[in-house]
Amino acid sequence: MITTTLFPGRYIQGPGVIKTLGKEIQRFGKKGFIITDPLVYDEILPDVLSQIEKDAKLEKERFEGECTDNEINRLTKKSGKFNADVVIGFGGGKTIATAKAVAHEIKKPVIVLPSLASTDAPCSALAVIYTEKGEVERYLILPENPNVVMVDTQVVVNAPVRFLISGMGDALATWFEAESCKKAYSPNMTGNHGSMTAHFLAQLCYETLIKYGVAAKDACEAGVSTPALEKIVEANTLLSGLGFESGGLATAHSIHNGLTVLEGTHDYFHGEKVAIGVLSSLWLTDKPTHLIDEVYGFCQDIGLPVTLEQIGLSDVSDQDLYKVAKASVKEEETIYNEAIPVSADSVFNALKIADHYGKRFLMK
């Protein structure tokens, strides 16, 4: 059995690391094309720009909000005119995905600077492409992982705590999905099997969330970096990134993709919808009650959704929920990495019981 484990070229984390971006650009050349969220462009970048530009030249460009083919094409043309040596993505998950896609188009290295610890996308050789309406269109599998990932934890703690919580929701899926792939001998994102290293990192991701999640949330609410927060940022970003990509995906992310077909979910974050996917997967795969209660308890303690109402589906009809189930079992979805037979009916049932149990759990 061939195994493959993927890593970013370099991972740097800690308060203030954004100030060293210029030196990282120097490893690839002199000119960096930086794509940023509007908030980063207006409020974060100006404070560090002079320090970065001591070491490298930057061309700045605002990201327009959705990782679509049109946005990728727009930015590819601009980066080409600048003749960039390296592309930099500084912002949330969709900004980062766009930067990775642009770097791929112009055949240049990419540096990723997540402004949030809200998804496990930064370290991966993957970009999720959306439609103009915000629905998942396809996965773009890239030939290599980012050359550098830099996580400034002071930037992370200055963001609303909801982003950190969402990142924990995304990371929560890592171990369950990797274990499903391991049990079923299903492939990871490379088409090969996950290594022992990948599966142990996925397990460490889950254990870190359970042990330090609440303390990290408290630190973020206080606006400070603590050892617990640093551990959770690493779990959300590095451990989850390595775990999902090298361990594999399964039910939770398929259900996330299915949920995006309902407009009511579009105002909710990726990790919040993944959390519902995780809870549903526990029922679908017949996990023991003590583990189900542990995961529901964790979600409740840190503020992740445990009911459909909490992701904008308070009055969802069975007909609409079945649309989610059908979208979750499309032929290309990772739900087929499970060791059990799956169908739209079984996913629909899992969504219903996950929501029902979540309502009862909130009343405890």
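The rules behind these values
- Residues numbered from 1 in each chain as written.
- Predicted model: local features only at pLDDT ≥ 70, side-chain atom pairs only at ≥ 80, totals over all residues.
- Heavy atoms only, no water.
- Helix = DSSP H or I, 4+ residues; strand = E, 2+ residues; numbered from the N terminus.
- Pairing = 2+ DSSP bridges.
- Axes fitted to C-alpha atoms, helices over the stretch in contact; angles between N-to-C directions.
- Polar contact = N/O pair within 3.5 Å; in protein donor to acceptor, adjacent residues only side chain to side chain.
- Contact = heavy atoms within 4.5 Å.
- Salt bridge = Lys/Arg side-chain N within 4 Å of Asp/Glu carboxyl O.
- Buried < 20%, exposed > 50% of the residue type's maximum accessible area, 1.4 Å probe, protein only.
- Left-handed = near helix turned anticlockwise from the far one by under 90°.
- Nonpolar A, V, L, I, M, F, W, Y, C, P; charged D, E, K, R; others polar.
- Expected span 1.5 Å × (residues − 1).
- Arc of directions from axis to C-beta.
- Parallel < 35°, antiparallel > 145°, perpendicular 65-115°, else oblique.
- Lys, Arg positive; Asp, Glu negative; His and termini not counted.

Asks: Please clarify how unusual backbone geometry should be interpreted in this entry.
Replies: It is generally the case that most residues other than glycine have a negative phi and that most peptide bonds are trans. Positive phi is not limited to glycine here, since K107 has a value of about 60°. Positionally, K107 belongs in the loop between α4 (93-106) and β5 (110-114).

Asks: Quick question: what am I supposed to make of the sheet that holds strand β3 (residues 57-62) here?
Replies: Strand-to-strand pairing in sheets goes through backbone hydrogen bonds, with the strands running parallel or antiparallel. Pairing is parallel across the open sheet formed by 6 strands, whose spatial order is β1-β8-β5-β4-β2-β3. Every interior strand has two partners, whereas the edge strands, β1 (11-14) and β3, have only one. When the angles between neighbouring strand axes are averaged without regard to direction, this sheet yields 15°. Relative to strand β4 (residues 86-91), strand β2 (residues 31-36) is paired through 5 bridges, and the arrangement is parallel.

Asks: What should I look at first to understand the side chain of H256 in this one?
Replies: Mapped onto the fold, H256 is located in helix α9 (residues 251-259). One polar contact links H256 to N257, side chain to side chain, over a distance of 2.9 Å. Among residues more than four places away in sequence, those in contact with H256 are Y130, V136, H270, K273 and V274.

Asks: Got a minute to help me understand the pattern of salt bridges in this structure?
Replies: Pairing between side chains of opposite charge can happen when their charged atoms approach one another. The full count for this structure, using the stated rule, is 15 salt bridges. Salt-bridge contacts for K94 lead to E66; the nearest nitrogen and oxygen are separated by 2.6 Å. In this pair, K94 is assigned in helix α4 and E66 in the loop between β3 and α3 (69-82), connecting sequence segments 28 residues apart. Note on E66: relative accessible area 18%, which makes it buried.

Asks: Honestly, the packing of helix α6 (residues 161-184) against helix α8 (residues 227-247) in this entry has me stumped. Any pointers?
Replies: A pair of packed helices is captured by two measures, namely the crossing angle of their axes and the spacing between those axes. At a minimum axis distance of 8 Å, the contact between α6 and α8 shows a crossing angle of 35°. Between α6 and α8 the crossing geometry is left-handed. Side by side, α6 and α8 meet where L164, G167, M168, D170, A171, T174, A178 and C181 of the first sit next to L229, I232, V233, A235, N236, L239, S240, G243, F244 and G247 of the second. Here the residues of the contact of α6 with α8 sort into 11 nonpolar, 6 polar and 1 charged.

Asks: Sorry, what's going on with α6 here?
Replies: Residues separated by three or four positions in an α-helix point in the same direction, a consequence of the helix having 3.6 residues per turn. For α6, with 24 residues, the first-to-last C-alpha span of 36 Å sits near the 34 Å given by 1.5 Å per residue. After α6 finishes, the residue Y185 shows a positive phi value of roughly 55°.

Asks: Any chance you could explain helix α12 (residues 318-328) here in plain terms?
Replies: All of the buried residues along α12 are L321, V324, A325, A327 and S328. Buried residues of α12, viewed axially, fall in a sector of 165°; they line one side. Exposed side of α12, more than 90 degrees from the buried face: Q319 and K326 are the residues found there. Its buried side turned inward, α12 meets α9 and α13 (344-362).

Asks: Even after reading the chapter, I still don't get the packing of helix α7 (residues 196-222) against α8, so can you show me in this structure?
Replies: The interhelical angle for the contact between α7 and α8, taken along N-to-C directions, is 150°, at an axis separation of 7 Å. Between α7 and α8, the angle falls in the class roughly antiparallel. For the pair α7 and α8, the crossing hand works out as left-handed. Of the residues that constitute the contact of α7 with α8, the class distribution is 17 nonpolar, 8 polar and 1 charged.

Asks: Can you walk me through the side chain of E338 in this structure?
Replies: Its location among the elements puts E338 in the loop between α12 and α13. Although buried, E338 forms no salt bridge, and the nearest oppositely charged side chain, K287, lies 5.8 Å from it. A distance of 2.7 Å separates a polar atom in the side chain of E338 from a polar atom in the side chain of S180. Not counting the four nearest positions on each side in its chain, E338 is found in contact with S180, A184, A250, T251 and T285.

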